[in-house]
Amino acid sequence: MEPEGLVQQQHRGERITVSPSKSAAHQALAQAGAHVRPLQQVHAHIVISGSHRSRALLTKLLTLACAAGSIIYTRQLFLCVPNPDSFLFNSLIKGSSKYGFSLDAILFYRRMVLAGISKSNYTFTSVIKACADSTALRCGRAIHTHVLASGYGLDSFVQAALVTFYAKSDDLVSARKVFDRMPKRTVVAWNSMISGYEQNGFAREAVGLFKGMQKLGAEPDSATFVSVLSACSQLGALELGCWIHEHIVSQSFDVNVVLGTSLINMYSRCGNVKKAREVFDSMKDRNVIAWTAMISGYGMHGHGVQAVELFHQMRAQGAPPNDVTFVVVLSACAHAGLVHEGRWAITSMKRDYGLMPTEEHHVCLVDMFGRAGLLNEAFRYIREQIPGEPAPAVWTAMLGACKMHKNFDLGVQVAERLLSVEPENPGHYVLLSNIYALAGRMDRVEMVRNMMIQRGLRKQVGYSTIEAGKKTYLFSMGDKSHPETREIYSYLDELMQRSREAGYVPAPEWVMHELEEEEREYALRYHSEKLAVAFGLLRTSTGTIIRIVKNLRICEDCHLAIKFISVVADREIIVRDKHRFHHFKDGSCSCMDYW
């Protein structure tokens, strides 16, 4: 028989004894949920009933207050707790980290340290996550030393949290050190390391790590595939991307919105927009990100009409576009010369959705007007429609248009304005140098180059990548590091000779104006994209599409040369440059020389 005033309840098969007031308080907390006002009312009841000394009740109350989004109320409650124990601290640190109060989680951890309370792997995983979310690198490193001193250096959960923390903090060297020391790597650790590489531009390393994961028999999950597909997108690794898609289907993975959108981006950025549309059409649920990804895919391939049509379909089906959607629609219009549609899009953006143009929208509009030859309208838009000082990207778009349409006087004005705004960007000097060279002002070309030398600026090195046999190969201008260099150069010479016979004439005015004409032609012949094309033709069978990724804008001479190579080699060649795709076939390009 239980003492008077107590009741018994069943809990997970065991009989426990609680006071009626505490039982009622627990029920009241459950009913209040994560809502501040009801929690405050329950809190008052707990105090009045004398249950405020119950650690279990206070911990539950603190956790719910944090979940309700009131960190101030959570702090106030915490200050009322005498001698908080490790369970309370751990609950606070985890709750603060989970609900977005990362700095508070770190502060609670510091209080825990000052109180001399021992930490557990539970403590460390939560506070390290908070450091990762707030990119508190110095604090996270200090906590790493606490981890080692406390004997949790080999705990798999803590190690996985550290890998995530260092990867999110862009310290990939430290992330990899922790990762390599893990005796047992969880899928979370693999994902964090792969994602860290991919998000910091090390796509080759991300793919390499994924292949290592496969060799060791570690099972990937959806998050793994999302990161690797993004890495494939960067590299243009279509073969690997297709294999991942096949694996997803064969293993019956749920192709949710996130994974489906990753597949759309991969196929689009690897040159197969048709396959991207197949994935898009097969998706059961589509959010604004999926719609925007598909519209962007059409736009980067020069299919402006299809991009605009899909945008209308998106609006008709009730999916509200966001500002990014309008950026990709305007970009599609710019690359396809759809000025009327672009004007309509920016009007609809402001009128129908109440969205105000940002820097990216301004850049797209200036680019659209400039590419279409409407230089005066582009310049007028900059002066009249953009508040304040236009961003450097706006002037860069304007300068590119001046170069394209050979308006040297306006180009010089724009370039000088651009250099005053962003004097440390070597690309601006290169554009200005080209404009002076085309205008025959070689004295000014020399002046610009001297300015670059004085400032210690160098033109960004161009490179091209090509995938063959699930491996990615990289070429730079005049590159002789490949073991098949002699064969590649010999075959490229043959291709260029056959192209000359078909009518190709090099355009040496576009490169390195201080070189003699024969040297210019040599430099042009061995540009990275030409070397990659020659390698691709040598390594693939007849009829296979050649796919190249260039980190910079394809130069005019390579664009012309590859059109001829597509004829003499009887191949379709797809080049993805910094801005868009070029599909070369039968002597023409999908961009219609409009890029």
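Provided above is the structure to which this section pertains.
Bear in mind that the values here come from a model prediction, so they are computed numbers and not experimental data.

Colleague: Before we go on, may I ask you to explain the overall build of the chain in this structure?
Modeller: Scanning the chain from terminus to terminus reveals 30 helices and eight strands. Buried residues in the chain amount to 49% of all 595 residues. By sequence separation, contacts in the chain at least 24 residues apart represent 62% of the contacts at least 6 residues apart. Summed over its atoms, the accessible surface of the chain is roughly 28,700 Å², and 52% of this surface lies on carbon and sulfur atoms.

Colleague: Would you mind showing me how to read the pairing of strand β3 (residues 463-468) here?
Modeller: Counting buried positions along β3 yields five of six residues, so the element is predominantly enclosed. Direction of pairing for β3 relative to strand β4 (residues 471-476): antiparallel, over a ladder of six bridges. The residue bridging Y463 from the neighbouring strand is S476, located in β4. Linking two consecutive strands that pair antiparallel, namely β3 and β4, is a turn of two residues; a positive phi of about 60 degrees is found at G469 within it. Across three bridges, β3 lies against strand β5 (residues 546-550) in antiparallel orientation. When the sheet's bridge partners are listed, I466 is paired in β5 with I548.

Colleague: Please clarify how the environment of L62 should be interpreted in this entry.
Modeller: Summarising the element assignment, L62 is placed in helix α3 (residues 55-67). The class for L62 is buried, based on a relative accessible area of 3%. Separated by 14 residues in the primary sequence, L62 and Q76 have C-alpha atoms spaced 9.5 Å apart. Beyond its immediate chain neighbours, meaning those up to four positions away, L62 contacts T74, L77, F78, V81, L88 and L92.

Colleague: What should I look at first to understand the sheet that holds β4 in this one?
Modeller: Strand pairing within a sheet occurs via backbone hydrogen bonds; the two strands may be parallel or antiparallel. Pairing in this open sheet of six strands is mixed, and the strands run β4-β3-β5-β6-β7-β8 from one edge to the other. Looking at the sheet topology across the chains shown, the edges are occupied by β4 and β8 (588-589).

Colleague: Could you clarify how one ought to interpret helix α18 (residues 304-316) in this entry?
Modeller: At 3.6 residues per turn, the α-helix brings residues three or four places apart onto the same side. End to end, α18 covers 18 Å across 13 residues, agreeing with the expected 18 Å (1.5 Å per residue, within 8%). Every buried residue of α18 is listed here: G304, A307, V308, L310, F311 and M314. Buried residues in α18, looked at end-on, bunch into an arc of 160 degrees, giving them a common side. Residues of α18 that are buried sit in contact with α16 (273-282), α17 (288-300), α19 (323-336) and α20 (339-353). Two residues or fewer past α18, G318 is found with a positive phi of approximately 85 degrees.

Colleague: Mind showing me how you'd approach the environment of D479 here?
Modeller: With respect to the helices, strands and loops of the structure, D479 is situated in the loop between β4 and α27 (485-501). A residue is classified by how much of its surface remains accessible, and D479, at 13% relative accessible area, is buried. Sequence separation between D479 and H527 is 48 residues, and the spatial gap between their C-alpha atoms is 8.6 Å. Residues contacting D479, with those up to four places away along its chain left out, are L474, T485, Y489 and L531. Of the polar contacts made by the side chain of D479, one reaches the side chain of S481; its length is 2.7 Å.

Colleague: How should the side chain of S566 be read in this particular structure?
Modeller: Among the secondary structure elements, S566 is positioned in helix α30 (residues 556-568). The exposure class of S566 is buried, given its relative accessible area of 1%. For S566, the contacting residues outside a window of four places in its chain are R571, I573, F584, K585, D586 and G587.

Colleague: Can you walk me through the pattern of salt bridges in this structure?
Modeller: Applying the stated criterion across every chain yields a total of 19 salt bridges. The salt bridge involving R417 is made with E389; its shortest N-O contact spans 3.3 Å. Here R417 is found in helix α24 (residues 408-421), whereas its partner E389 is found in the loop between α22 (375-385) and α23 (392-404), with 28 residues between them in sequence. Residue R417 is classed as partly exposed on the basis of its relative accessible area of 37%. For the salt bridge of E424 with R455, the shortest nitrogen-to-oxygen distance reads 2.9 Å. You can see E424 sitting in the loop between α24 and α25 (426-438) and its partner R455 sitting in helix α26 (residues 442-455), a full 31 residues away along the chain. Accessibility expressed as a relative area gives 47% for E424, which makes it partly exposed. In this structure R455 comes out as partly exposed when scored by relative accessible area, which is 41%. If you follow the salt bridges from partner to partner, you end up with K129, D133 and K168 in one network.

Colleague: Explanation requested: the packing of aromatic side chains in the structure shown.
Modeller: The way to describe two aromatic rings as a pair is by their centre distance and the angle between their planes. The full count for this structure, using the stated rule, is 18 aromatic pairs. Centroid distance F225 to F253: 5.2 Å. Interplanar angle 85 degrees. Geometry classified as edge-to-face. Of the two residues, F225 is situated in helix α13 (residues 222-235) and F253 in the loop between α14 (238-250) and α15 (257-269); the sequence distance between them amounts to 28 residues. By relative accessible area, which is 23% here, F253 ends up partly exposed. A centroid spacing of 6.2 Å and a plane angle of 55 degrees characterise the contact between F379 and W395, whose relative ring orientation is tilted. Residue F379 is found in helix α22, and its partner W395 is found in helix α23; the two are separated by 16 residues along the sequence. Cluster of aromatic residues (ring-pair linked, three or more members): F210, F225, W243 and F253. Cation over ring: R185 sits above F179, and NZ or CZ is 4.4 Å from the ring centre. For the cation-ring pair, R286 lies above F280, with the distance from its terminal atom to the ring centre recorded as 4.3 Å.

Colleague: I would appreciate a short explanation of the packing of α15 against α16 in the present structure.
Modeller: Helix-helix packing: each pair is described by the crossing angle between the helix axes and the interaxial distance. Look at α15 against α16: their axes get within 7 Å of each other, and the N-to-C directions meet at 165 degrees. When the axis of α15 is compared with that of α16, the two are roughly antiparallel. Where α15 crosses over α16, the handedness of that crossing is left-handed. Contact residues: α15 offers G260, L263, I264, Y267 and S268, while α16 offers V273, K275, A276, V279 and F280. Its residues assigned to classes, the contact of α15 with α16 shows seven nonpolar, two polar and one charged.

Colleague: Which parts of the structure should I look at to understand the nonpolar core?
Modeller: Soluble globular proteins: nonpolar side chains tend toward being buried together. Ranked by internal contacts, the top residues of the largest apolar core, which has 135 residues, are I128, I143, I244 and M398. Excluding anything up to four places from it in sequence, I143 contacts Y109, F124, V127, I128 and C131. Formed by 34 residues, the second largest nonpolar core is a distinct cluster that contains L495, A534, I565 and A569.

Colleague: Honestly, the side chain of D557 in this entry has me stumped. Any pointers?
Modeller: Positionally, D557 belongs in helix α30. For D557, a relative accessible area of 0% gives the class buried. Within polar-contact distance, the side chain of D557 engages the side chain of K530 at 2.9 Å.

The rules behind each value
Residues numbered from 1 in each chain as written. Predicted model: local features only at pLDDT ≥ 70, side-chain atom pairs only at ≥ 80, totals over all residues. Heavy atoms only, no water. Helix = DSSP H or I, 4+ residues; strand = E, 2+ residues; numbered from the N terminus. Buried < 20%, exposed > 50% of the residue type's maximum accessible area, 1.4 Å probe, protein only. Contact = heavy atoms within 4.5 Å. Areas by Shrake-Rupley, 256 points an atom, 1.4 Å probe, with all protein chains shown as cover. Pairing = 2+ DSSP bridges. Expected span 1.5 Å × (residues − 1). Arc of directions from axis to C-beta. Polar contact = N/O pair within 3.5 Å; in protein donor to acceptor, adjacent residues only side chain to side chain. Salt bridge = Lys/Arg side-chain N within 4 Å of Asp/Glu carboxyl O. Phe/Tyr/Trp six-rings, centres within 6.5 Å; stacked < 30°, edge-to-face > 60°. Lys NZ or Arg CZ within 6 Å of the ring centre and 35° of its normal. Axes fitted to C-alpha atoms, helices over the stretch in contact; angles between N-to-C directions. Parallel < 35°, antiparallel > 145°, perpendicular 65-115°, else oblique. Left-handed = near helix turned anticlockwise from the far one by under 90°. Nonpolar A, V, L, I, M, F, W, Y, C, P; charged D, E, K, R; others polar. Core = buried A, V, L, I, M, F, W, Y, C linked by side-chain atoms within 4.5 Å.

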